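Architecture at a glance
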Amino acid sequence: MRIRFGCEMGYDFPQPTPVIARLNSYPSNGLAAVPPDVLTLDPPLPLRTFRDVFGNRTVRFVAPGGALTLSVHAETEDDGTLDPVVPEAEEHAVEDLPEEALPFLVASRYCESDLLSNEAWGLFGDLDPGWSRVQAICDFVHDHITFGYGYAHVDRTAADAFASRRGVCRDYAHLFVAFCRALNIPTRYCTGYLSFIGEPEPHAPGDFAAWTEVYLGGGWHVFDPRNNAPRRGRILVARGRDAADVPLTHTFGSNRLTKFRVWAEDAALSAAD
């Protein structure tokens, strides 16, 4: 299938302001988006694209004072399958891990695995290592936190989410990441477009989603503690240690968000509409 995805984000800047944006898909599957998956600015501005330290496609520019719209309109091929489930995937001893996994073992800004170590080992330390233990962590986080858009808070950490038992998808992801890292399981934070393809109605308004990738059995595997079920049409935008590494937009000055629209849908069905 083809998935049509993108976003429109409008801002009003009181003065010229530097901006860094990560809104394009991560170049991980070798499939080019058609039309090209590029960030468009209205009004047009000079910009520079580069890869950050985690390989994420990143754009930087200086927004002039006034109104500015950032948009992405693209389509990509997808095989239509659900996130893979690999129950035989095993955990690795730390000394056997590849170097690329090591940064995702330690505490970070929003994932205080050191502070949550006792809780993690008390809750999950006696479980058999491997996929089943990671799934048990995912089940716990999914059930422990109550979701609500009104619970969003930019400063909430994994420890805060564990204590308050409420949050949005990034809080689910942060708590799951912190628990896994406390058990010496490399886990990274992901953000991107998540479709409702194959999901029952009614669908929530389009939004960016946060999920995770865990290193098991020699590879990285998706776990989504917010939804806690395999999904179709997951389009990765960026990955890092936590949300501090991969803000969708980072504005170095005051601004007002005036527009926010996100979509990821079956291109054939949307064309028929």
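Rules and cut-offs
- Per-chain numbering applies: the sequence of each chain, read as written, is numbered from 1 onward.
- Predicted model: local features are reported for residues with pLDDT of at least 70 only, side-chain atom pairs are reported and counted for 80 or more only, and whole-chain, interface and lining totals are derived from all residues.
- Only heavy atoms go into the side-chain values, all of them from the structure, while hydrogens and water stay out.
- In this text, helices come from DSSP runs of H or I with a minimum length of four residues, and strands from runs of E with a minimum of two, each type numbered from the N-terminal end.
- Within these notes, the globule rule equals 2.2 Å times the number of residues to the 0.38 power, and the radius of gyration is based on C-alpha atoms.
- The classification of residues rests on relative accessible area computed with a 1.4 Å probe and restricted to protein chains. Under 20% of the type maximum is buried, over 50% is exposed, and intermediate values are partly exposed.
- When checking whether two residues touch, look at their non-hydrogen atoms; a contact exists if any pair is within 4.5 Å.
- Areas reported here follow the Shrake-Rupley algorithm with a probe of radius 1.4 Å; residue values treat only the protein chains shown as occluding.
- Asp and Glu are treated as the negative residues and Lys and Arg as the positive ones, with His and the ends of the chain left uncounted.
- Throughout, a charge is located at the NZ atom of Lys, the CZ atom of Arg, the CG atom of Asp or the CD atom of Glu.
- Think of a 1 Å grid over the protein atoms and nothing else: a 1.4 Å probe that fits but is trapped marks a cavity, an open set flanked by protein within 12 Å on at least five of seven lines marks a pocket, and residues with an atom within 4 Å of a point count as lining.
- Grid points are joined across faces, edges and corners, and a volume is the space filled by probe spheres set on the points.
- In this classification, the charged set is Asp, Glu, Lys and Arg, the nonpolar set is Ala, Val, Leu, Ile, Met, Phe, Trp, Tyr, Cys and Pro, and all remaining amino acids, among them Gly, are polar.
- What counts as a disulfide here is a pair of cysteine sulfur atoms lying within 2.5 Å.
- Geometry of aromatic contacts follows a simple scheme: Phe, Tyr and Trp rings, the Trp one being its six-membered ring, pair when their centres are within 6.5 Å, and the pair is stacked under 30 degrees between planes, edge-to-face over 60, tilted otherwise.
- The criterion for a charge sitting over a ring is simple: Lys NZ or Arg CZ within 6 Å of the ring centre, and within 35 degrees of the ring normal.

This paragraph deals with the overall build of the protein chain. Summing up its helical and strand segments, the protein chain has five helices and 14 strands in all. Relative to the 2.2 N^0.38 estimate, which gives 19 Å for 273 residues, the radius of gyration of the protein chain is 19 Å and therefore close to what a compact globule would have. Along the three orthogonal principal directions, the C-alpha set of the protein chain runs to about 55 × 40 × 35 Å. Burial statistics for the protein chain: of 273 residues in total, 49% are counted as buried. Pairs at least 24 residues apart make up 77% of the contacts formed inside the protein chain by residues separated by at least 6 positions. Carbon and sulfur atoms make up 53% of the accessible area of the protein chain, which amounts to about 12900 Å² in all. Taking the average location of the 24 positive side-chain charges in the protein chain and that of its 37 negative ones, the two points are 7 Å from each other.

Estimates place the volume of the largest pocket at around 1200 Å³. Forming the walls of the largest pocket are 40 residues, and the residues nearest its centre are C169, R170, D207, F208 and L248. At the level of secondary structure, the elements contributing two or more residues to the lining of the largest pocket comprise β1 (2-13), α4 (169-182), β9 (187-194), β10 (208-216), β13 (249-251) and β14 (256-266). Partitioning the lining of the largest pocket into residue classes produces 26 nonpolar, eight polar and six charged.

Take the state of the cysteines next. Taken as a whole and judged by the stated rule, the model has zero disulfides. Just so you know, C111 is unpaired, no disulfide at all, and the nearest cysteine sulfur is the one on C180, 10 Å from it. Taking relative accessible area as the criterion, C111 reaches 0% and is therefore assigned buried. Looking at the unpaired C190, the closest cysteine sulfur is the one in C111, lying at 12 Å.

Turning next to the packing of aromatic side chains. Applying the stated criterion across every chain yields a total of 16 aromatic pairs. Between F104 and W220, the aromatic rings sit 5.7 Å apart at their centres with planes inclined by 85°, giving edge-to-face as the arrangement. Taken together, the positions of F104 in the loop between β6 (66-77) and α1 (117-124) and W220 in strand β11 (residues 219-223) put the pair 116 residues apart, joining distant regions of the chain. Grouping aromatic residues by their ring pairs yields a cluster made of F5, Y193, F208 and F260. Geometry around Y110 places R170 over its ring, the cationic atom sitting 4.6 Å from the centre. The residue whose ring lies beneath R226 is Y172, and the NZ or CZ to ring-centre distance is 5.9 Å.

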